[in-house]
Every structure is written in C-alpha cells, then in structure tokens.
Amino acid sequence: MSKILRFFGKLLKFAGIALGALFAVYFWNLDQKLMGWAYVQVNRIFDNKKADIKF
C-alpha cells in the first residue's frame, strides 16, 4: 500500500512541477520571446549567406 502512495506522491509532485513550469511560461510569455530570439538568429544566419542565383 505504501508503494502505491509513494508512486502517487511522486506523480503528483511531477505534475505540480510541470504545471508550475507551464504557468511560468504562459505568465511571462516566454514562448513568444524565445521564438522571437530564434527568428532573429535564423535571419542573421541566412542573411549572411550568398545567394545561388544563376541566370
């Protein structure tokens, strides 16, 4: 019985940590900030690349 309670306790702790992390991401809009940063980095890489245009 105590193994089952220990398992559910760990499961509840994991779910609480995951919910807290998701709330922090939502509250501070971190997903949009991360994507904005990644978008700038990708553009910086591809803007420096020479175009392979052949006429």
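Now for a quick tour of the structure. Only a predicted model underlies this, so the values are computations on that prediction, with no experimental measurement involved.

Rules used throughout
Along each chain, residue indices are assigned from 1 in the same order as the chain's sequence is written. Predicted model: local features are reported for residues with pLDDT of at least 70 only, side-chain atom pairs are reported and counted for 80 or more only, and whole-chain, interface and lining totals are derived from all residues. Here the side-chain values reflect all heavy atoms present in the structure, with hydrogen atoms and water set aside. Only DSSP runs of H or I covering at least 4 residues are called helices, and only runs of E covering at least 2 are called strands; the numbering of each starts at the N terminus. Note on method: radius of gyration uses C-alpha positions; expected globular size equals 2.2 Å times residues raised to 0.38. For every residue, the accessible area (1.4 Å probe, protein chains only) is compared with the maximum for its type, and the residue is labelled buried under 20%, exposed over 50%, or partly exposed between those bounds. Patch definition: residues above 30% relative accessible area lacking any salt bridge, with like charges linked at up to 9 Å and the nonpolar side chains Val, Leu, Ile, Met, Phe, Trp and Tyr linked at up to 5 Å. Each accessible area value is a Shrake-Rupley result obtained with a 1.4 Å probe; residue values ignore everything except the protein chains displayed when judging cover. Salt bridges are identified by distance alone: a Lys or Arg side-chain nitrogen within 4 Å of an Asp or Glu carboxyl oxygen. The positive count covers Lys and Arg only, the negative count covers Asp and Glu only, and His and the chain ends enter neither. For charged residues, the charge sits on one atom: NZ in Lys, CZ in Arg, CG in Asp, CD in Glu. Between the rings of Phe, Tyr and Trp (Trp by its six-membered ring), a pair exists once the centres lie within 6.5 Å; its type follows the angle of the planes, with under 30 degrees stacked, over 60 edge-to-face, and the other angles tilted.

**Section: the overall build of the protein**
Counting its regular elements, the protein contains two helices and zero strands. Here the protein has a C-alpha radius of gyration of 22 Å; the compact-globule value for 55 residues is 10 Å, and the former is much larger. The principal-axis extent of the C-alpha atoms belonging to the protein is close to 75 × 25 × 15 Å. Counting across all 55 residues of the protein, residues that qualify as buried make up 0%.

**Focus: a positive patch on the surface**
Positive charge collects at one region of the surface, where K3, R6, K10 and K13 lie side by side. Checked against the element boundaries, K10 lands in helix α1 (residues 2-27).

**Brief notes about the packing of aromatic side chains**
If you walk through the whole model with that rule in mind, you get three aromatic pairs. Relative to F27, the ring of F23 lies with its centre 5.7 Å away and its plane at 25 degrees, an arrangement referred to as stacked. Of this pair, F23 and F27 both sit in helix α1, separated by four residues, roughly a single helical turn. Judged by relative accessible area, F27 falls into the exposed class, the value being 53%. Through a chain of ring-to-ring contacts, three or more aromatic side chains come together here, namely F23, F27 and W28.

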